[in-house]
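The primary structure of each chain is shown beneath.
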Amino acid sequence: MNFLFCLLAAILVQTQKDFDMLQSHIDRAYEAGESGIDIHLAPGIFFFHEGHISFVDRSLPGFAINIDGDGTVIVGESADSTYRLGQGFVDLKTLSDYDPSDDVKWARFWPLKVPFRKDVYCIPVKEPDMSEEEAKDIYIVLSQWFQGKIYKVLKISNGWMYFLREDKTGTRMHTELRFGRCLPRYIVCRPPERDDVYVCSASSFLSVKNSELGGVSFRGIKFLGNSDRDILIHFKSSKADSVVVEKCLFEGIRSNVLVFNDSGNLRYRDNRMVRCYRSGIVCDEESDNCQVTGSTFSCNGWMMVHNFNVQMQGSGFLVKNNVFEDFTYIGIGVGSHYTSDFERAQGVICENELSTTEKFRQGAPRMLIDAGAIYTGTRNKDVVICHNYVHDIYGPHGNRGIFADDGAINLTIYGNRVMNLSAQCISLRRVKRIAWRSNSKIKKVNVGNKVYDNVANGRIRLYVDPRDTSSYAYNNVRLKKVR
């Protein structure tokens, strides 16, 4: 190995110009026949452009890419400072996320259709009047059952907020009333009033699609801010020997953070994810052998639109020894919907702690209704949920501890402690109608479930099909609630 080749195989990134050339350094190392490249990022701030590192339809088998930081902060570049909902905002002085949106507030009634105005609705709020000109960059996130929908605000007049409902997908406008009998909540999203915040327009740092790599690793890096146009780190229909994310911090990420579609072999360990606005880690039904361990998740799903901190749907997953705090919908989600063609969820969720803080519970709740701290969809192959501690969750309605939805199957739930919840601590409900629906891909529900040795101090709802010999429930203890 010659000296020049050594320089290409291990590089030190000290300037923004060096950082801009990461893709070139990687490509040159591979073309030179090296088995991998070690990239060391110096302390400081670097700005990534859209698709900073990208592999599309490329085959680099066995080639390893290791990116290590040392007090390094990576921020999405500001290519377009024109305000757009979904841009990230960063305070570069404090190196922290900046959110210009208002706090969550209760609406005073449910949405009403405005007569003779196509797609225009109104809702009574406690907000000052705002003209159409003043509202040109104003949006709301409005809670609708298990989703939050984003609408363009037209104006606010005499305590009524008028908004445009062009997106009619998902939940209906009045499901908050039908399901939860509770008033909706809303967030007013506005441009920052400060002119010294940095605007992030780039979204994707690493994208791997239809490609093959060896190992990929990130260590010791703070990812701070991006926009929501694309996923920060995305593997799609690709093969990697391993993807290691270790001792990193993700803060203020406006898009989904890490997504694996038809990929796998994730090792996410000893990281922190703080106030990221969408989903954290998503591994779909065709993404196997993914692990999330020893990490902390705090205030994620901050946009309040229906997001998971961690979602596992493939085979061989492990979610262990993590802390989930102040999540707005689901802490850990597994399994597939009853309309899915897949029944591959197989793995273990154990020794995690999931809770909300007293500060998070104050005022109008940011949590969406009809959720579970640990949530399972209908279709599972073999999922074990054990020795988790779920506590102090007081959402607006139906915010359960361990929630097996829509006739879930093939679950083993044991040794968990679920305390101080406003809804059921553990819920496995009988939903036979799922098997009869025309769009359902599953014909036997509520089977293969084993629930035992759990302790709770609130309601427990367990349905075990008496005709299913593989299901049973015993020694689930309900304590008297102290508070």
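Okay, so let's go over this structure.

Cut-offs and rules
Residues numbered from 1 in each chain as written. Predicted model: local features only at pLDDT ≥ 70, side-chain atom pairs only at ≥ 80, totals over all residues. Heavy atoms only, no water. Helix = DSSP H or I, 4+ residues; strand = E, 2+ residues; numbered from the N terminus. Buried < 20%, exposed > 50% of the residue type's maximum accessible area, 1.4 Å probe, protein only. Contact = heavy atoms within 4.5 Å. Pairing = 2+ DSSP bridges. Lys, Arg positive; Asp, Glu negative; His and termini not counted. Salt bridge = Lys/Arg side-chain N within 4 Å of Asp/Glu carboxyl O. Polar contact = N/O pair within 3.5 Å; in protein donor to acceptor, adjacent residues only side chain to side chain. 1 Å grid on protein atoms, 1.4 Å probe; cavity = no way out; pocket = protein on both sides within 12 Å on 5 of 7 lines; lining within 4 Å. Points joined across faces, edges and corners; volume = space filled by probe spheres on them. Nonpolar A, V, L, I, M, F, W, Y, C, P; charged D, E, K, R; others polar. Core = buried A, V, L, I, M, F, W, Y, C linked by side-chain atoms within 4.5 Å.

### A word on the environment of Met-367
Link 1 in the chain: Relative to the helices and strands, Met-367 resides in the loop between α5 (358-361) and β33 (371-376).
Link 2 in the chain: On the basis of relative accessible area, Met-367 is assigned to the buried category, the value being 4%.
Link 3 in the chain: Placed 171 residues apart in sequence, Met-367 and Asp-196 show a C-alpha to C-alpha distance of 31 Å.
Link 4 in the chain: If we ignore the near neighbours within four places in the chain, the residues touching Met-367 are Arg-185, Phe-327, Thr-328, Thr-356, Phe-360, Ile-393, Gly-395, Pro-396 and Asn-399.

### A short note on the pairing of strand β19 (residues 239-246)
Link 1 in the chain: Two strands pair when backbone bridges link them, and strand β17 (residues 212-224) and β19 are joined in this way by seven bridges, in the parallel orientation. Along β19, the bridge assignment pairs Glu-212 with Lys-239.
Link 2 in the chain: Strand direction decides the pairing type here: β19 and strand β22 (residues 266-269), joined by four bridges, are parallel. Paired with Val-245 across the strands is Tyr-268, a residue of β22.

### What to know about the side chain of Arg-366
Link 1 in the chain: As for its placement among the helices and strands, Arg-366 is situated in the loop between α5 and β33.
Link 2 in the chain: For the buried Arg-366, which has no salt bridge, the nearest side chain bearing the opposite charge is Asp-103, at an N-O separation of 5.1 Å.
Link 3 in the chain: A polar contact is formed between the side chain of Arg-366 and the backbone oxygen of Trp-302, at a distance of 2.5 Å.

### Thoughts on the layout of surface pockets
Link 1 in the chain: The calculated volume of the largest pocket comes to roughly 630 Å³.
Link 2 in the chain: Taken together, 29 residues make up the lining of the largest pocket; nearest its centre are Phe-146, Asp-370, Tyr-375, Asp-405 and Asp-406.
Link 3 in the chain: Breaking the lining of the largest pocket down by element, the ones donating at least two residues are α4 (175-180), β27 (308-312) and β30 (330-334).
Link 4 in the chain: Of the residues forming the lining of the largest pocket, the biggest block, three residues, is contributed by β30.
Link 5 in the chain: The residue makeup of the lining of the largest pocket, split by class, is ten nonpolar, ten polar and nine charged.
Link 6 in the chain: Across the lining of the second largest pocket, the residue classes tally to five nonpolar, four polar and seven charged.

### So, the nonpolar core
Link 1 in the chain: Judged by nonpolar contacts, the single largest core of 103 residues is most densely connected at Phe-218, Phe-250 and Leu-258.
Link 2 in the chain: Those residues in contact with Leu-258, other than ones at most four positions away along the chain, are Ile-233, Val-245, Phe-250, Leu-266, Tyr-268, Met-273, Gly-280, Ile-281 and Val-282.
Link 3 in the chain: Of all hydrophobic cores here, the second largest spans 17 residues; its members include Ile-140, Tyr-151, Met-161 and Met-173.

### Overview of the pattern of salt bridges
Link 1 in the chain: The final tally for this structure, using the stated rule, is 25 salt bridges.
Link 2 in the chain: One salt bridge connects Glu-343 with Arg-379, and the closest N-O pair in it is separated by 3.0 Å. Here Glu-343, found in the loop between β30 and β31 (346-350), pairs with Arg-379, found in the loop between β33 and β34 (382-386); they are 36 residues apart in sequence, far enough to count as distant.
Link 3 in the chain: Connected through shared salt-bridge partners, Arg-84, Asp-228 and Arg-278 make up one network.

### Remarks on the sheet that holds strand β6 (residues 88-91)
Link 1 in the chain: Reading across the sheet, the three strands line up as β7-β6-β15 and stay open at both edges, with antiparallel pairing between neighbours. The strands lining the two open edges of the sheet, one partner per strand, are β7 (96-97) and β15 (198-200).
Link 2 in the chain: By the bridge criterion, three bridges tie β6 to β15 in an arrangement that is antiparallel. Residue pairing across strands places Gly-88 opposite Cys-200, the latter belonging to β15.

### Here we look at the side chain of Asn-271
Link 1 in the chain: Take Asn-271: it is sitting in the loop between β22 and β23 (272-274).
Link 2 in the chain: The exposure class assigned to Asn-271 is buried, which follows from its relative accessible area of 2%.
Link 3 in the chain: Here the side chain of Asn-271 touches Cys-248 through a polar contact of 2.7 Å, landing on its backbone nitrogen.
Link 4 in the chain: The residues contacting Asn-271, other than those within four sequence positions of it, are Val-245, Glu-246, Lys-247, Cys-248, Gly-294, Ser-295 and Thr-296.

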